[in-house]
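# Coordinate analysis (summary)
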Amino acid sequence: MNPHTKLISSLTLILGTTITISSSHWVMAWTGLELNTLAIIPFISKSHHPRAIEATIKYFLVQAMASTLLLFSSMTNAWSTGQWDITQLAHPTSSLLLTVAIAMKLGLVPFHFWFPEVLQGSSLTTALLLSTMMKFPPTVLLLLTAHSLNPTLLTALAIASVALGGWMGLNQTQLRKVLAFSSIAHLGWMTTVLIYSPKLALLTFYLYILTTTAVFLTLNSTKTLKLTTLMTSWTKSPTLNATLMLVLLSLAGLPPLTGFLPKWLIIQELTKQELTTTATILAILSLLGLFFYLRLAYHSTITLPPNTTNHMKHWHFTKPTSTMTAILTTLSMLILPLSPLVLAIT
C-alpha cells in the first residue's frame, strides 16, 4: 500500500471518528461516519484479492445503507420537532430507524451478515480496526440517544446477538470469523445494559476493545489465521501462546480474569432493574461463547499437533514480542482485582 495513501486514510479515519464523537448536530455526526467508511475502504481492499474486493463492496453497501437510514431518521425527527440536536430524538419513527441504522453499523443481529464476511476478507490489522475503532462512533451515538430508544427492541436485539454470536462461533475454523461472532456477542451484552447504565455499557465496550486488541495483536505476531495453524504456532513463541490462552479465557468471561468484570456488573445491574429473566438468559447464552473460546484455548496451548503435520514448523521468533502486545495482554488478565478502582474512576 502506498505510504501516502496509508497516511491520508489513517488521518481521515481519526478525523471521522473525532467529528462523530464530538458533534451535537446530526449532519456532522453523519459526515464523520461517512468519512470513516471511505477511509477504511483502502485498508480492506489493499491486498487486491477477490475476497478482499468482495468484502470491500459488502462493507461499502451496508455502511452506505446504514448512513442513509441515519440521515433519514434525523431528517424525520427535524421535520416533526424542529430539532437537529442528537440528544433531542423525540419522534418514535426516527427512534426506530436510528436503532436499525446503528444495529447495521455495529453488526447486531439481524443485521450482522456482512460482518464475519468482511472480517474474513481483511487482513488481521484491518480486522482489528473494524472490530474496535470502527465500532466506537456508532456506540457513542447509541449512548447519546439511549434515553429515546425503545428498551424492549434493544433488549431483543441484544439477546439475539448474544445467542447467535455464541451459536455461530461454535463451528468456525477461521479465527477472524470466530472473533467476528465474538464481537457480535460482546456488543449484545453492551446493548442490554445501555439504557439502564450508560457508564457500565461504555466500560464494557472499553474492556472488549482491550481484550480483542490483545488477541488480534497476538495472532498477528504469530501470523495465525485458522485453527490448524494455531495448533503449530506454539513453536514460534510458547510464552505468547500461553498468554493467548489466558486472554481467550478472559474474553470468555471466566473469573479471575478481566473479562469477568463487565459480565458480572451487567448481570448485577439487570437484577437491580428487576430484569432477572434477561440476566438469566444472558448468563446461560454466555456458555455457548465459553465453549468456542475453550476450543481456541485448547488448540492454542493444550493440544500437541500430530507428527505428520503438513505445516512447516517455525521455531522461536527472531524478534521479541512488541511492548504494546505485552501491556494489553497483561491488562486483559489482571484488571479484575482492580475493579473497585475501575468503578470509582468510571
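Residues numbered from 1 in each chain as written. Predicted model: local features only at pLDDT ≥ 70, side-chain atom pairs only at ≥ 80, totals over all residues. Heavy atoms only, no water.

### Some points on the packing of helix 4 (residues 92-106) against helix 8 (residues 151-169)
The N-to-C vectors of helix 4 and helix 8 enclose an angle of 20 degrees; their axes lie 11 Å apart at closest approach. Judged by the angle between their axes, helix 4 and helix 8 are roughly parallel. Note on packing geometry: the crossing formed by helix 4 with helix 8 is right-handed. Within the contact between the two elements, helix 4 uses Leu96, Thr99 and Ala103 and helix 8 uses Leu153, Leu154 and Leu157. Here the residues of the contact of helix 4 with helix 8 sort into five nonpolar, one polar and no charged. (Axes fitted to C-alpha atoms, helices over the stretch in contact; angles between N-to-C directions. Helix = DSSP H or I, 4+ residues; strand = E, 2+ residues; numbered from the N terminus. Parallel < 35°, antiparallel > 145°, perpendicular 65-115°, else oblique. Left-handed = near helix turned anticlockwise from the far one by under 90°. Contact = heavy atoms within 4.5 Å. Nonpolar A, V, L, I, M, F, W, Y, C, P; charged D, E, K, R; others polar.)

### Remarks on the side chain of Ser250
Relative to the assigned elements, Ser250 resides in helix 12 (residues 238-252). Among the polar contacts listed, one links the side chain of Ser250 to the backbone oxygen of Ser332, at a separation of 2.6 Å. Residues contacting Ser250, with those up to four places away along its chain left out, are Thr211, Leu257, Thr258, Gly259, Phe260 and Ser332. (Polar contact = N/O pair within 3.5 Å; in protein donor to acceptor, adjacent residues only side chain to side chain.)

### Some details on the domain arrangement of the protein
Domain assignment breaks the protein into domain 1 (1-122) and domain 2 (150-345). Distance from the C-alpha centre of domain 1 to the C-alpha centre of domain 2: 25 Å. Residue-level contacts link 16 residues of domain 1 with 18 residues of domain 2. Buried area between domain 1 and domain 2, summed over both chains or domains, comes out near 1,500 Å², and the portion from carbon and sulfur atoms is 72%. Sorting the residues of domain 1 by area buried against domain 2 places Leu108, Val109 and Gln120 first, and these three jointly supply 38% of that buried surface. A salt bridge links Lys177 to Glu117; the nearest nitrogen and oxygen atoms lie 3.4 Å apart. Applying the counting rule to domain 1 against domain 2 returns five residue pairs in polar contact (both at pLDDT 80 or more). Looking at the side of domain 1 that touches domain 2, the elements with two or more residues in it are helix 4 and helix 5 (114-120). Class assignment for the residues of the side of domain 1 that touches domain 2 results in nine nonpolar, six polar and one charged. (Domains from an automatic or database assignment. Buried area = accessible area lost by both parts, 1.4 Å probe. Salt bridge = Lys/Arg side-chain N within 4 Å of Asp/Glu carboxyl O.)

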